[in-house]
Each structure stands twice: as structure tokens, then as C-alpha cells.
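The chain contents come next:
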Amino acid sequence: GRGNREEMLALGLEGSANKLGVGIVKEDGSILANVRHTYITPPGTGFLPKETAEHHRKFVVELVRQAIKEAGIKPEELDCVCYTKGPGMGGPLRVCAVVARMLSQMWNKPLVGVNHCVAHIEMGRVVTGAKDPVALYVSGGNTQVISYSQERYRIFGETIDIAVGNCLDRFARIVKLSNDPSPGYNIEQKAKEGTKFVELPYIVKGMDVSFAGILTNIEEVAKQKLESGECTVADLCFSLQETVFAMLVETTERAMAHCGNKEVMAVGGVGCNRRLHDMLTVMAAERGGTAHTTDDRYCIDNGAMIAYTGLLMFQHGHVTPLSEATCTQRFRTDDVLVNWRKDDAAPIPAPKQAVWFPAGPEATAK
């Protein structure tokens, strides 16, 4: 049914958290459709797996239809059906995996299970044109500093407890900010009114970061200082952003130095934040490099990134047989064989750090 059309097409399904997305993409990264529906809960609450899965079930068929209509294609023109295999929330992931298996059988198309983290990075690369960047992947569920080396996206640093977006979202819950369009967006806007910096813990352990303690601390601070009128909600939003972003920029800079990369790219939902982008831009400029950012169409979870990455994988021999077309809540970024990045990576691996050890006694003996 593909006729004489040269370019390959893929459909992608994303539903690992509270955003449900369906995208249709060509192999050069041009997006024919990228529809999304977000499950938004009342202020002071988060989204639970069961209710989120119900939201996805309710809207998914409608979104697939809408995407096909917007793209102006017929299902038979697709080359493969791609879906998020993980990581993410079990219930919501399962909804999309079931739909992907159904479409694959209905339309008789091969399936490709995609790693959500790798999809964020690939989408970021194609949209920004970054060749070989250090990726700061920051969202509600993930916080990782990643760089490509020898057919893998290697994790150089990550959170040791909760994700940075989770820390921000849960703070928004404490101070009852709206979840529409997202708690992080509302923190970012509120932070612009902040004038007073409130000292918070700054927790960096080598290349890794920790946010759970900061959240506990700001919860106490919020109770005491807001009641006594010492600071405002805007001050706390400002202080929290400055602190957690400084931690992330510090570890990202160390990764750039270690890997010899000149480019940095923020991906994931928190990657939309302008303040984070400004801080990365200053850091990169000081190193003689550049910072790349994408806007909310590509930063926030979407179907197009799954379709695009799935198509790259499909062209390089990755196919998921029906019997293995499952999903998993835990799926490491460096578990994926990245065999489609041959030419654009640094030809020579970054110089290894010399290991220092004390000289033996014979060195000092004259």
C-alpha cells in the first residue's frame, strides 16, 4: 500500500504518565501529526496510576483517529507502529501497549517498543540539530545526565531518590498551585514574582543529585515562614527553582568537561523551563559551547518522539515480536543498543581521567 512513496512513516503512542500522545512522523523527523491529551487533577493532588490509565483508555482511540486525519494518511501507508515500552507508570503504559498490539494486528504492521528516555533524546537532537550533546533529561519521573558513547546513551549522573519534576510538582501540591497546564509551569510563573531567596539544602553527591530532602525541608519552611509572613509562596518557588537547577547545571557541566562535549541539551518536561534554559546557556557560553532547547511541543511527553525514535530503530533492525510487546515500569536508558548513531559521534572517545595515587617510598628516596 506504500506505492512509490520513498519516505518511511511511523505512528507512535506515548502514555507513560499523565500525558497521552499520538504522533505520526516521517523518517527525516518532519511531524505530520502530534496530538496530546493531559489528565489534569485538582490543586493539592497528584495523578494516580489507576485513574490515569482510565483517562488514557477513554481518549486513546479518539486520538489515534485524530492523528491519522490530521496527517492525511491511510493506515496502510505506515511502516511500523511504535509505543512506549517503559519506563513509566504500569497502568497507563499498559493501555498504550494493548492499543499498539491491537493496531499492529489490525493493520498488519510490525511493532517497535521504544525506551521513553531515548525517545526524548532523539527528538531533542532532531529538533535542535545538536550533533553530540550532553543531554540533561529532567521530568516528573526522571532526572539523568546522559552522553552518547559506543552505541549506548551512558548515564553520567542521576537522581538517587525522586526526580526533579516530582520535587517541583509535590511542592506545588503543598502550596495548592493549579495543575493546569502543569504544576511546574505555574511554579515557573510564580517564581518570577519572588524577591527573597530562602536558603534550602543543596544536595550533590559526586555526579548524582538528591531532591527528597529538599522537599521535606521546604515543606517545614513553608509551614513556618508562610504563617509568620517571613516569605511568600513566590519567594519559595523562586528559591526552590534556583537551588535545584543550580544542582543540575553543576552536574551537567561536570559531564561536559569529562566527555569533552561542546553542546548541552535539556529534554523532558522540566526542560521547558526558561529559567533552567537561561542557566544552562550561561554555563555553556562560559565553556565556549552552546545550549539547545526545544519548546513544549517536543519537551513534554508526546507521540511524535516515540514514532520518530521507533522509526530510527526499525530502520536499524529493531522489531518487537508480538509475544514480547510488553511494557515495563523500569527500563534503563543504557539498556538500549543505539546502533543508528555511527557517524556523528566523537570519533575518538573522550580522554580518560588520569587516576592519582600516592607515589611509592622509592620515589622520595634520593
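Residues numbered from 1 in each chain as written. Predicted model: local features only at pLDDT ≥ 70, side-chain atom pairs only at ≥ 80, totals over all residues. Heavy atoms only, no water.

Trainee: Which parts of the structure should I look at to understand the sheet that holds strand β11 (residues 263-267)?
Mentor: The strands making up a sheet associate through backbone hydrogen bonding, with each pair oriented either parallel or antiparallel. Strand order in the open sheet made by the five strands is β8-β7-β6-β11-β12, with mixed pairing throughout. Of all strands in the sheet, those with a lone pairing partner are β8 (152-158) and β12 (290-293), marking the two edges. Neighbour-to-neighbour, the strand axes of this sheet turn through a mean angle of 25°, independent of strand direction. Note that strand β7 (residues 143-149) and β8 share six bridges and pair antiparallel. By the bridge assignment, Val 145 is partnered in β8 with Gly 157. Contacts from helix α3 (residues 116-128) reach β6 (134-138), β7, β8, β11 and β12, with the element oriented near 125° to β11. (Pairing = 2+ DSSP bridges. Helix = DSSP H or I, 4+ residues; strand = E, 2+ residues; numbered from the N terminus. Axes fitted to C-alpha atoms, helices over the stretch in contact; angles between N-to-C directions. Contact = heavy atoms within 4.5 Å.)

Trainee: Please explain the pattern of salt bridges as it appears in this structure.
Mentor: Opposite charge on two side chains allows them to pair when their charged atoms are near. The tally for this structure, following the rule as stated, stands at ten salt bridges. Two residues, Arg 287 and Glu 253, come together in a salt bridge whose shortest N-O distance is 3.4 Å. With Arg 287 in the loop between α8 (274-286) and β12 and Glu 253 in helix α7 (residues 233-259), this pair connects stretches of sequence that are 34 residues apart. (Salt bridge = Lys/Arg side-chain N within 4 Å of Asp/Glu carboxyl O.)

Trainee: How should I be thinking about the packing of aromatic side chains in this particular structure?
Mentor: Describing an aromatic ring pair means giving the distance of the ring centres and the angle of the ring planes. One pass over the full model with this rule turns up two aromatic pairs. On the numbers, 5.7 Å between centres and 70° between planes, the contact of Tyr 148 with Tyr 153 is edge-to-face. Pair check on accessibility: Tyr 148 and Tyr 153 agree, each one buried. Both rings, one in Phe 197 and one in Phe 238, keep their centres 6.3 Å apart while their planes meet at 85°; by these two values the pair is edge-to-face. (Phe/Tyr/Trp six-rings, centres within 6.5 Å; stacked < 30°, edge-to-face > 60°. Buried < 20%, exposed > 50% of the residue type's maximum accessible area, 1.4 Å probe, protein only.)

Trainee: Honestly, α7 in this entry has me stumped. Any pointers?
Mentor: Quick reminder: α-helices carry 3.6 residues per turn. Residues three or four places apart thus point the same way. Taking 1.5 Å as the rise per residue, α7 with 27 residues should run 39 Å; its terminal C-alpha atoms sit 39 Å apart, in good agreement. Taking burial as the measure, the 27 residues of α7 include 19 buried ones, the bulk of the element. Gly 260 occupies a position one or two residues after α7 and carries a positive phi of about 70°. (Expected span 1.5 Å × (residues − 1).)

Trainee: Sorry if this is basic, but what is going on with the sheet that holds strand β2 (residues 19-26) here?
Mentor: Read across the sheet, five strands follow the order β3-β2-β1-β4-β5 without closing on themselves; strand pairing throughout is mixed. Both outer strands of the open sheet, β3 (31-38) and β5 (111-115), are each paired with one neighbouring strand and no more. For this sheet, the mean inter-axis angle between neighbouring strands, taken without regard to orientation, is 20°. Two elements, β2 and β3, share seven bridges in a ladder whose sense is antiparallel. Opposite Gly 23, over in β3, you have Asn 34 as the bridge partner.

Trainee: Just checking my understanding: could you explain unusual backbone geometry for this structure?
Mentor: For residues that are not glycine, phi is negative in most cases, and the peptide bond is trans in most cases. The omega angle of the peptide bond from Gly 86 to Pro 87 is -10°, so this bond is cis rather than trans. Position of Pro 87 among the secondary structure elements: in the loop between β4 (80-86) and α2 (90-107). Note the cis peptide between Asp 180 and Pro 181, where omega equals 0°. Looking at where Pro 181 falls in the secondary structure, it is placed in the loop between α4 (164-174) and α5 (183-191). Backbone geometry at Asn 108 places phi at a positive 60°, although glycine is not the residue there. On the basis of relative accessibility, which here comes to 67%, the residue Asn 108 falls in the exposed class.

Trainee: Mind showing me how you'd approach the side chain of Lys 85 here?
Mentor: With respect to the helices and strands, the residue Lys 85 is situated in strand β4. Buried within the structure, Lys 85 lacks any salt-bridge partner; its nearest side chain of opposite charge belongs to Glu 324, at an N-O separation of 6.3 Å. A polar atom in the side chain of Lys 85 sits 3.1 Å from the backbone oxygen of Glu 324. (Lys, Arg positive; Asp, Glu negative; His and termini not counted. Polar contact = N/O pair within 3.5 Å; in protein donor to acceptor, adjacent residues only side chain to side chain.)

Trainee: Can you help me understand the environment of Asn 261 in this one?
Mentor: Tracing the chain through its elements places Asn 261 in the loop between α7 and β11. In this structure the C-alpha to C-alpha distance between Asn 261 and Gly 289, which are 28 residues apart in sequence, comes to 8.1 Å. In this view, Asn 261 contacts Asp 132, Pro 133, Val 134, Ser 147 and Met 256; residues no more than four positions away in its chain are not counted.

Trainee: Looking at this structure, I do not really get empty space enclosed by the protein. What am I missing?
Mentor: Remark: the empty space left among the atoms is shown by a probe the size of a water molecule rolled over them. Taken as a whole and judged by the stated rule, the model has one cavity of 30 Å³ or more. Taken as a whole, the largest cavity encloses approximately 30 Å³ of empty space. In terms of lining, the largest cavity is formed by Ile 121, Arg 125, Pro 133, Ala 135, Ile 146, Ser 147, Tyr 148, Tyr 153, Met 265 and Arg 341. For the lining of the largest cavity, the elements supplying multiple residues, two or more each, are α3 and β7. In terms of residue count, β7 provides more of the lining of the largest cavity than any other element does, three residues in total. (1 Å grid on protein atoms, 1.4 Å probe; cavity = no way out; pocket = protein on both sides within 12 Å on 5 of 7 lines; lining within 4 Å. Points joined across faces, edges and corners; volume = space filled by probe spheres on them.)

In short, the description is geometric, and any link to function would need to be established separately.
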